[in-house]
Amino acid sequence: MARKKSEGIEALVQKSEPVPLSELTMLDLFACFALMNMPTNVPIKEAAAEAFDIAEEMMAEREKRI
């Protein structure tokens, strides 16, 4: 199903395209899993930073084990 093209002011607002699944890295996936276990009352910017901190720790642990 095709999306309707934006009109008026909406057409002027630049929107970023979503990253295709084929371009996600293991770090992105680990961060996603970390976000799924975060409490919902954490502010989004803090949650994102913490998720990637956790993901980086997971990557480091993975390197030690392989």
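Residues numbered from 1 in each chain as written. Predicted model: local features only at pLDDT ≥ 70, side-chain atom pairs only at ≥ 80, totals over all residues. Heavy atoms only, no water.

Colleague: Looking at this structure, I do not really get the overall build of the chain. What am I missing?
Modeller: Of the regular secondary structure elements, the chain holds three helices and zero strands. Going from N to C terminus, the chain has its helices and strands arranged as α-α-α. On C-alpha atoms alone, the chain measures out to a radius of gyration of 17 Å, which is more than a quarter above the 11 Å that the 2.2 N^0.38 rule sets for 66 residues. Considering only C-alpha atoms, the chain reaches an extent of 55 × 30 × 20 Å along its principal axes. Here the chain holds 66 residues, and the buried ones make up 11% of them. (Helix = DSSP H or I, 4+ residues; strand = E, 2+ residues; numbered from the N terminus. Rg over C-alpha atoms; globule rule 2.2 N^0.38 Å. Buried < 20%, exposed > 50% of the residue type's maximum accessible area, 1.4 Å probe, protein only.)

Colleague: So what exactly am I meant to see when it comes to the pattern of salt bridges here?
Modeller: Two side chains of opposite charge can pair, provided their charged atoms sit close to one another. Under the criterion given, the structure shown has three salt bridges. For R65, the salt bridge goes to E61, with nearest N and O atoms at 2.7 Å. Separated by four residues within a single helix, R65 and E61 lie in helix 3 (residues 44-65), roughly one turn from each other. Residue class for R65 comes out exposed when judged on its relative accessible area of 66%. Judged by its relative accessible area of 29%, E61 is partly exposed. Where salt bridges share partners, they join E61, K64 and R65 into one cluster. (Salt bridge = Lys/Arg side-chain N within 4 Å of Asp/Glu carboxyl O.)

Colleague: What's the story with the environment of D53 in this structure? I'm lost.
Modeller: Within the fold, D53 resides in helix 3. Taking the C-alpha atoms as reference points, D53 and M36, 17 residues apart in sequence, are found 14 Å from one another.

Colleague: How do you make sense of the environment of L24 when you look at a structure like this?
Modeller: Here L24 is to be found in the loop between helix 1 (9-12) and helix 2 (26-36). For the pair L24 and K45, spaced 21 residues apart in sequence, the C-alpha to C-alpha distance is 20 Å. Beyond its immediate sequence surroundings of up to four residues, L24 is in contact with V19 and L29. (Contact = heavy atoms within 4.5 Å.)

Colleague: Would you mind going over the nonpolar core with me for this structure?
Modeller: Across soluble globular proteins, you tend to see nonpolar side chains buried next to one another. Core analysis: the largest hydrophobic core is formed by seven residues, namely F30, A31, A34, M38, A47, A51 and A55. Among all residues touching A51, those that are not within four sequence positions of it are A31, A34, L35 and M38. (Core = buried A, V, L, I, M, F, W, Y, C linked by side-chain atoms within 4.5 Å.)

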